[in-house]
Amino acid sequence: MAEQADYVTLVSSDGYSYVVQRSAACISPAIRRMLDPANGFLESKTGVIRFDNFHAILLETIVKYMYYNEKNKDARDIADMDFPDSLCLELVWAADYLDI
């Protein structure tokens, strides 16, 4: 079995690409399933996941959360992550979609 890359690329609907550590991206069970070779998704071969329903600002905020979560996964009493109020509804929807 081929070794998996340490990084994956997440692409927004408006064409912006974010190169993210696989460990950070895989906090999402949905992304983890897409990248698992046993599931046979194209994303597991290319390491590129396209989100046709996430615009760049939303995807950038999600990526920031992935790293924030990974950095603080074992910490206690951490501050809430700041994000634009204008993204609240979209972030709730995206979090549900990604199961994070």
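Each chain carries its own residue numbering, running from 1 in the direction its sequence is written. The predicted nature of this model means local features are confined to residues of pLDDT at least 70 and side-chain atom pairs, given and counted, to a pLDDT of 80 or more, with totals for whole chains, interfaces and linings taken over all residues. In computing side-chain properties, one takes all heavy atoms of the structure into account and sets aside hydrogens as well as water.

An unreviewed UniProt entry annotates the chain as Elongin-C originating from Baudoinia panamericana. UniProt positions are given in the numbering used here, feature names are shortened, and annotations may be inferred rather than shown by experiment. The annotation that UniProt attaches to the chain under Sequence similarities (unreviewed entry) is "Belongs to the SKP1 family." The Function (unreviewed entry) comment attached to the chain in UniProt states, word for word, "Essential component of the SCF (SKP1-CUL1-F-box protein) E3 ubiquitin ligase complexes, which mediate the ubiquitination and subsequent proteasomal degradation of target proteins. Controls sulfur metabolite repression, probably by mediating the inactivation or degradation of the metR transcription factor."

**Q** For this particular structure, what's the right way to read the overall build of the chain?
**A** Starting at the N terminus, helices and strands are each numbered in turn, a helix being any DSSP run of H or I of at least four residues and a strand any DSSP run of E of at least two. Looking only at helices and strands, the chain features five helices and three strands. Ordered by position from the N terminus, the helices and strands of the chain form the series β-β-α-α-α-β-α-α. Note on method: radius of gyration uses C-alpha positions; expected globular size equals 2.2 Å times residues raised to 0.38. Over its C-alpha atoms the chain spans a radius of gyration of 14 Å, differing by no more than 12% from the 13 Å that the globule rule assigns to 100 residues. Referenced to the eigenvectors of the C-alpha coordinate spread, the extents of the chain come out at roughly 40 × 35 × 20 Å. When burial is assessed residue by residue, the chain has 36% of its 100 residues classed as buried. Across the chain, every contact between residues at least 6 apart in sequence was considered, and the portion connecting residues at least 24 apart equals 60%. Accessible areas in this description were obtained via Shrake-Rupley with a 1.4 Å probe; residue shielding takes into account the shown protein chains only. Element-wise, carbon and sulfur atoms account for 51% of the exposed surface of the chain, whose accessible area totals about 6600 Å². Counted as positive: Lys and Arg. Counted as negative: Asp and Glu. His and the chain ends are not counted at all. Throughout, a charge is located at the NZ atom of Lys, the CZ atom of Arg, the CG atom of Asp or the CD atom of Glu. Here the chain carries 9 positive and 16 negative side-chain charges, and the mean point of each set is 6 Å from the other. A 1.4 Å probe rolled over the protein chains alone gives each residue an accessible area, and that area as a share of the maximum for its type sets the label: buried under 20%, exposed over 50%, partly exposed in between. Residues count as neighbours in contact if any of their non-hydrogen atoms are within 4.5 Å of one another.

**Q** I keep staring at the packing of aromatic side chains and nothing clicks. Help me out?
**A** Each aromatic ring pair is characterised by the separation of its centres together with the angle its planes make. Here is the rule: rings of Phe, Tyr and Trp (six-membered ring for Trp) pair when centre to centre is within 6.5 Å. Planes less than 30 degrees apart are stacked, more than 60 are edge-to-face, and the remainder are tilted. Tallied over the entire structure, the rule returns four aromatic pairs. Pairing Phe51 with Phe54 gives two aromatic rings, centres 4.9 Å apart and planes at 10 degrees, and the pair type is stacked. Phe51 gets classed as buried once you look at its relative accessible area, which sits at 2%. Ring centres of Phe54 and Trp93 lie 5.5 Å apart, and the angle between their planes is 80 degrees; this geometry places the pair in the edge-to-face category. Separated by 39 residues along the polypeptide, Phe54 in the loop between β3 (48–50) and α4 (56–71) and Trp93 in helix α5 (residues 88–98) bring together distant segments of the chain. Members of the aromatic cluster, joined through ring pairs, are Phe51, Phe54, Trp93 and Tyr97.

**Q** Which parts of the structure should I look at to understand the nonpolar core?
**A** Across soluble globular proteins, nonpolar side chains show a tendency to be buried alongside one another. Membership of the largest hydrophobic core comes to 24 residues, with the highest contact counts inside it found for Leu10, Val20, Ile31, Phe51, Phe54, Ile62 and Met66. At six residues, the largest contribution of residues to this core is made by α4. In contact with Ile31, not counting residues within four places along its chain, are Ala25, Ile49, Phe51, Met66 and Leu98. Put simply, a nonpolar core is a bunch of buried Ala, Val, Leu, Ile, Met, Phe, Trp, Tyr and Cys residues held in one set by side-chain atoms that sit within 4.5 Å of each other.

**Q** I would appreciate a short explanation of the pairing of strand β2 (residues 17–21) in the present structure.
**A** Across a regular strand the side chains alternate sides, sitting on one face of the sheet and then on the other. In β2, alternate side chains face the same way, and those of Tyr18 and Val20 are buried while those of Ser17, Val19 and Gln21 on the opposite face are not. In this structure, strand β1 (residues 7–11) lies alongside β2, joined through five bridges in antiparallel fashion. By the bridge assignment for β2, Leu10 is matched with Tyr18. Whether two strands pair depends on DSSP finding at least two bridges between them. Taking the residues that link successive antiparallel strands as the turn, the β1-β2 hairpin has five residues, and the phi of Gly15 there is positive, at about 90 degrees.

**Q** What is the right way to read unusual backbone geometry from this model?
**A** Apart from glycine, the bulk of residues carry a negative phi angle, and the bulk of peptide bonds sit in the trans form. Positive phi outside glycine occurs at Asp77, with the angle close to 55 degrees. Residue placement: Asp77 occurs in the loop between α4 and α5. Asp77 sits in the exposed class, given a relative accessible area of 82%. The phi torsion at Asp99 lies on the positive side, around 60 degrees, for a residue other than glycine. In this fold, Asp99 is placed in the segment after α5.

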